[in-house]
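One-letter residues, chain by chain:
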Amino acid sequence: MSIEIDLAPNHKLGLIVESPLLLSPTAAGFGELLLRPADIARLGAIVVGPVTAAGRGYAGPVRLVEMGGGILASKSPFSRSAARAVARFASVWERLKRPVIVQLVDAAPVNLARAAQHIVRAPSVAGVEWAPPPTLSGRQIGDGVRALVRAIELPVWVKTPLERAVEWSSSAVEMGAVGVVVGQPLQGVVIESDPLTGKTTPLSGDLYGPLTFAPVLRTLVEVVKLGLGCAVIACGGVYSEWHVQQALAAGAHAVQLDTLLWTEPSALFSVPAPSPVQ
């Protein structure tokens, strides 16, 4: 029995998916490695990126450090320019046969609008997800969403840091966002030691793994309680069907999978796509 989930409620175009399982850009990249039908058959939509108006150059590989219960990934400033992303990947996105949402990471409203106007030239793009820098204020979030809504007709989601989720969600929806993603990765630090000199240095980065699910779920509950009338999407720490069911029971419309596919590439096939909890 097929299901329909609207991830852009009250938007004139809507964003209908048939599964609550989504891929985040952490897992999907730009979608070029997801062309086998079996890889995407269980997915409702795929979020690709990151994209900026001008692009940010490659600064070397992301460093991964295993920790108890998860992974720390060093931050990378890399993003593709919107024009190049469309030129290189529009045909890839079309072959995915799933709604594609493009993640934008510019901070300035003028750059967000410019990037979005390029992105909509790809016919298979069904929406944009804005993942702003965590330092922005609620007012700046509102300004960015307003710029996106004025620039394009597609649905707009905002991906929030957990500690700013309540403030940002309210500001984003007030200005026209139809979805909130909870949330951006938690931040952490590990201390590395040089085996030759013994010198220690801190390495900061994003935290991934099942232990991050509990704070995501707590924040998700807080955002759902706001009753904003938007789609609410959980992201972070989802590593099993139990995590999916917990997020849906808390009020999420869908969940994004991230590093689960790094550590267990076949795991997507073992995480059933359940019907959302009503």
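Scroll up for the structure.
Predicted model only: the values in this text are computed from it and were never measured.

## Regarding the pairing of strand β4 (residues 45–52)
Next, step 1: In terms of burial, β4 is a largely internal element, seven of the eight residues being buried.
Next, step 2: Here strand β3 (residues 21–23) runs beside β4; their pairing, made up of two bridges, is parallel. If you follow Leu22 over to β4, its bridge partner there is Ala45.
Next, step 3: In terms of strand pairing, β4 meets strand β8 (residues 100–104) through four bridges, oriented parallel. Paired with Val51 across the two strands is Leu104, which belongs to β8.
Next, step 4: The pairing of β4 with strand β7 (residues 80–81) spans two bridges and is parallel. The residue of β7 that forms the bridge with Thr52 is Ser81.

## Quick notes on the sheet that holds strand β5 (residues 64–67)
Next, step 1: Read across the open sheet, the four strands follow the order β5-β6-β13-β12; overall the sheet is antiparallel. One side of each edge strand has no neighbouring strand; the edge strands of this open sheet are β5 and β12 (187–193). Adjacent strand axes in the sheet meet at a mean angle of 40 degrees when their direction is disregarded.
Next, step 2: The pairing of β5 with strand β6 (residues 70–74) spans four bridges and is classified as antiparallel. Note on β6: the bridge partner recorded for Leu64 is Ala73.

## Comments concerning helix α7 (residues 213–225)
Next, step 1: Here α7 spans 18 Å end to end across 13 residues, near enough to the 18 Å set by a 1.5 Å rise per residue.
Next, step 2: In the core, the buried residues of α7 are packed alongside α6 (165–174), β11 (179–184), β14 (231–235) and α8 (241–249).
Next, step 3: The first or second residue beyond α7 is Gly227, which carries a positive phi of 60 degrees.

## Quick notes on the packing of helix α4 (residues 109–119) against helix α5 (residues 138–151)
Next, step 1: At a closest axis distance of 8 Å, the pairing of α4 and α5 adopts a crossing angle of 30 degrees. Accordingly, the angle class assigned to the pair α4 and α5 is roughly parallel. As α4 runs across α5, the sense of the crossing is right-handed. In this structure, α4 uses Pro109, Leu112, Ala113, Ala116 and Gln117 to contact α5, whose residues at the interface are Asp143, Gly144, Ala147, Leu148 and Ala151.
Next, step 2: When grouped by side-chain class, the residues that make up the contact of α4 with α5 number seven nonpolar, two polar and one charged.

About the thresholds
- Residues numbered from 1 in each chain as written.
- Predicted model: local features only at pLDDT ≥ 70, side-chain atom pairs only at ≥ 80, totals over all residues.
- Heavy atoms only, no water.
- Buried < 20%, exposed > 50% of the residue type's maximum accessible area, 1.4 Å probe, protein only.
- Helix = DSSP H or I, 4+ residues; strand = E, 2+ residues; numbered from the N terminus.
- Pairing = 2+ DSSP bridges.
- Axes fitted to C-alpha atoms, helices over the stretch in contact; angles between N-to-C directions.
- Expected span 1.5 Å × (residues − 1).
- Contact = heavy atoms within 4.5 Å.
- Parallel < 35°, antiparallel > 145°, perpendicular 65-115°, else oblique.
- Left-handed = near helix turned anticlockwise from the far one by under 90°.
- Nonpolar A, V, L, I, M, F, W, Y, C, P; charged D, E, K, R; others polar.

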